[in-house]
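The lines below spell out each chain.
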Amino acid sequence: MAEALPSALSFAALRAGDRAEFARLVDAASGPIYRLALKMLADPQDAEDVLQNTFLKAFQHLDGFEGRSSLSTWLYRIAVNEALMLLRKRHPEVSIADDTVEDSEGVTYPGVQLTDWGNLPEEDLLSTETRSQLNQAIQHLPESLRVVFLLRDVEDLSIQETAEVLGLSESAVKTRLLRARLRLRDELSTYYGERLRKRRK
Amino acid sequence: MAKKDHSECQALLDSLSDYADGTLGQELCQKIERHLDGCQDCYIMVDTLKKTIYLCHAEAGKCAEIPADVRARLFKTLNLEDYLKHE
């Protein structure tokens, strides 16, 4: 989103409550925020609630925005908190800190699912069915991994920015990211493995 | 059949994300590449891991647009209807 925000946005005008400037911010940032919420929650109505609440809160608190983080990082942090609040309402047992102990334990070599699907043609890799499979696999990730993965690999934040949004250390972000990527790779390998077997028959 | 020893693969695993992102230091990069030359399992794993990341980026590019009705309701909620540009 950082690239999408107009560089000429005036913090002074935003802080002063300038509605036209706020409308420019909403225009530039609403797409990425909605996408993040939709992929975190997999429910268009919930995603829309998160979208609206994010900008309502941003507008209320803009005068307190001190510029210690970038505007986009700040907005993502509000959106993630809103989405996590909704998830906790749905599943009170879920916590972003769930994997804290595991973070320090590193990741175990999977040693399975070594189907070689890397050379499949582009149209196979990017078909509608594959996209749906990938989105399902993203939904299968536990929330604590999914949010790290979405910020880094879908929203394209750096490791440092992702850590800033989530209030995690960079090493915890890296561990969770690798764990998320390996799980997705694993699910895609099962899916492509089936396709390759069918094709050989 | 003897089970393959994956101790070296395990030792390199923590660096694979950085390797796939191209952010790993040169020395570790070369170490991984030497390992990949001799380990077919890791070669496939790294190759498919990179493809997985590529697919995620490609998917992100396909769904960056906000639906027009969602956008219109957002502007209404924020009392910004005057600024709603129709695209």
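Every chain begins its residue count from 1, and numbering advances along the sequence as written. Each chain gets a letter, beginning with A, and each ligand a number, beginning with 1, in the order they are written. A pLDDT threshold of at least 70 governs which residues receive local features in this predicted model, and a stricter bar of 80 or more applies before side-chain atom pairs are shown or counted, although totals over entire chains, interfaces and linings include all residues.

Draft legend 1. Layout of the overall build of chain B. Put simply, DSSP marks the helices as runs of H or I at least four residues long and the strands as runs of E at least two long, and each gets a number from the N terminus on. Along chain B, the regular secondary structure elements total five helices and zero strands. Put simply, chain B runs from its N terminus to its C terminus through helices and strands in the order α-α-α-α-α. In this description the radius of gyration comes from C-alpha coordinates, and the expected globular size is given by 2.2 Å times residues to the power 0.38. The C-alpha radius of gyration computed for chain B amounts to 23 Å, which surpasses the reference 12 Å derived for 87 residues by more than 25%, pointing to a less compact arrangement than a globule. Taken along its principal axes, the extent of the C-alpha atoms in chain B is 70 × 30 × 20 Å. Burial analysis of chain B (87 residues in total) assigns 17% to the buried set. Counting other C-beta atoms within 10 Å of its own, a residue is labelled buried from 20 upward, exposed at 12 or fewer, and partly exposed in the gap between, with every C-beta atom placed from the backbone.

Draft legend 2. Structural detail: the nonpolar core. Residues A:Ile33, A:Ala37, A:Leu51, A:Ala79, A:Val80, A:Ala83 and A:Val148 are the most contacted members of the largest nonpolar core, which totals 61 residues. Secondary-structure elements contributing two or more residues to this core are helix H2 (19-41), helix H3 (44-61), helix H4 (71-90), helix H7 (128-140), helix H8 (143-154), helix H9 (159-166) and helix H10 (170-200) of chain A together with helix H4 (40-62) of chain B. Mapped onto the domain boundaries, this core takes at least three residues apiece from domain 1 (11-90) and domain 2 (100-200) of chain A. Residue pairs qualify as contacts under a 7 Å threshold applied to their C-beta atoms, which are placed from the backbone. With residues up to four places along the chain from it excluded, the contact list for A:Ala37 reads A:Ala47, A:Val50, A:Leu51, A:Ala79 and A:Ala83. Throughout this description, the term nonpolar core refers to a group of buried Ala, Val, Leu, Ile, Met, Phe, Trp, Tyr and Cys residues whose C-beta atoms join them within 7 Å. Boundary definitions for the domains trace back to an automatic or database domain assignment.

Draft legend 3. Highlighting the environment of A:Arg15. Residue and element names in this part refer to chain A. In this structure, Arg 15 sits in helix H1 (residues 11-15). C-beta crowding within 10 Å serves as the criterion here: with 15 such atoms nearby, Arg 15 is assigned to the partly exposed category. Distance from Arg 15 to Glu 66, taken between C-alpha atoms, is 9.6 Å for residues 51 residues apart in sequence. Apart from residues lying up to four places away in sequence, Arg 15 is in contact with Leu 62, Asp 63 and Phe 65.

Draft legend 4. View of the interface of chain B and chain A. Taken residue by residue, the interface counts 33 residues in chain B and 38 residues in chain A. Looking at the side of chain B that touches chain A, the elements with two or more residues in it are helix H1 (7-13), helix H2 (16-21), H4 and helix H5 (68-77) of chain B. No other element matches the 15 residues that H4(B) contributes to the side of chain B that touches chain A. Polar here means any residue outside two lists: the nonpolar Ala, Val, Leu, Ile, Met, Phe, Trp, Tyr, Cys and Pro, and the charged Asp, Glu, Lys and Arg; Gly therefore counts as polar. Its residues assigned to classes, the side of chain B that touches chain A comprises 19 nonpolar, seven polar and seven charged.

Draft legend 5. Broad picture of the packing of H3(A) against H5(B). Interaxial angles span 0 to 180 degrees and are taken between N-to-C directions of axes, which are lines fitted to C-alpha atoms, for helices over the stretch in contact. It is the contact of H3(A) with H5(B), at a shortest axis distance of 10 Å, that shows an interaxial angle of 35 degrees. Crossing geometry of H3(A) relative to H5(B) is assigned as right-handed. Counting all contacts with H3(A), which are made through A:Glu48, A:Leu51, A:Gln52, A:Phe55 and A:Leu56, the residues of H5(B) involved are B:Val70, B:Leu74 and B:Thr77. Here the contact of H3(A) with H5(B) is built from residues that sort into five nonpolar, two polar and one charged. Crossing handedness: left-handed means the near helix sits turned counterclockwise from the far one by under a right angle, and right-handed means the same turn made clockwise.

Draft legend 6. Molecular detail of the domain arrangement of chain A. Residue and element names in this part refer to chain A. Split by domain assignment, chain A resolves into domain 1 (11-90) and domain 2 (100-200). Each of domain 1 and domain 2 was reduced to a C-alpha centroid, and the two centroids are 25 Å apart. In this assembly, eleven residues from domain 1 lie in contact with 13 residues from domain 2. For the side of domain 1 that touches domain 2, the secondary structure elements donating two or more residues are H2 and H4. The element best represented in the side of domain 1 that touches domain 2 is H4, accounting for five residues. Taken together, the residues of the side of domain 1 that touches domain 2 sort by class into seven nonpolar, two polar and two charged.

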